[in-house]
Structure formats: structure tokens, C-alpha cells
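Observations on the model geometry
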Amino acid sequence: ESIMRYPVDYVRYAAREVRKVESRLRVGEDSPLSRDQLAELLKAIWKALDEVGDAVEGLQRSGRD
């Protein structure tokens with residue numbers, strides 16, 4: 001498991017990986033990901049979404065001050 005340096009790195013990594021899968025599907029690959037690869041992609045996506053959620057919460061808190 002790789003540790004991302006900044007929270008936004010999770011978001012950018014997940015976006016890149018989803019883009020790769022989308023392009024493989026577009027060119028007609030039947031199974032662009034193995035079960036393990038899909039599990040890793042989903043893990044990257046939930047980590048990215050957690051980071052986005054944390055950032056939104058931070059913005060909401062700072063807007064109330």
C-alpha cells in the first residue's frame with residue numbers, strides 16, 4: 001500500500017486509475033481489471049472520497065469562523 005504525501009494525491013491517483021479503466025473499456029477490453037485490481041481501485045476511490053469529505057468539512061468549519 002502506498003502512502004500519499006498530500007490528501008489531494010489520493011484524489012488525483014483515483015482519478016487516473018478510473019480513467020485508465022474507462023479507456024480500456026472504451027477500446028473493447030472485456031475484463032480490464034482482475035478481482036484484486038478492482039478491490040485496489042475501490043480502496044483508492046474510498047480513500048479519495050474520504051479526503052474530499054474531510055476537505056469539505058474543513059471548508060465548512062472555516063466558513064463559520
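Look a little higher up for the structure.
Residues numbered from 1 in each chain as written. Predicted model: local features only at pLDDT ≥ 70, side-chain atom pairs only at ≥ 80, totals over all residues. Heavy atoms only, no water.

1. Here we look at the overall build of the protein chain
Going by this rule: The secondary structure listing takes helices from DSSP runs of H or I that are at least 4 residues long and strands from runs of E that are at least 2 residues long, numbered from the N terminus. The reference for a compact globule is 2.2 Å times residues^0.38; the radius of gyration itself is calculated from the C-alpha atoms. For each residue, the accessible area found with a 1.4 Å probe, counting protein chains only, is set against the maximum for its type, and the residue is called buried under 20%, exposed over 50%, and partly exposed in between. Here the open area of atoms and residues is found with the Shrake-Rupley method and a 1.4 Å probe, where only the protein chains shown may cover a residue.
When you go through the protein chain residue by residue, the secondary structure sums to two helices and zero strands. Over its C-alpha trace the protein chain gives a radius of gyration of 15 Å, far above what one expects of a compact globule, namely 11 Å for 65 residues. Taking the principal axes of the C-alpha coordinates as reference, the protein chain spans close to 50 × 25 × 15 Å. Evaluated residue by residue, the protein chain yields a buried proportion of 15% over its 65 residues. Approximately 5400 Å² of the protein chain is accessible, and the part contributed by carbon and sulfur atoms is 54%.

2. So, the nonpolar core
When a protein is soluble and globular, its nonpolar side chains tend to lie buried together. Inclusion rule: Grouping buried Ala, Val, Leu, Ile, Met, Phe, Trp, Tyr and Cys residues that are joined through side-chain atoms within 4.5 Å yields what is termed a nonpolar core. Pairs of residues are marked as contacts when any of their non-hydrogen atoms sit within 4.5 Å.
In terms of nonpolar packing, the biggest core is built from five residues, these being Met4, Tyr10, Ala14, Ala44 and Ala48. Counting only elements with at least two residues in this core, the list comes to helix H1 (7-26) and helix H2 (35-64). For Ala14, the residues in contact, after removing those within four places along its chain, are Leu41, Ala44, Ile45 and Ala48.

3. Describing H2
Heads up, the rule is: The span you would expect from a helix comes to 1.5 Å times its residue count less one.
The end-to-end C-alpha distance of H2, which contains 30 residues, comes to 44 Å, matching closely the 44 Å that a straight helix rising 1.5 Å per residue would cover. Residues of H2 that are buried: Leu41, Ala44, Lys47 and Ala48. The elements touched by buried residues of H2 are H1.

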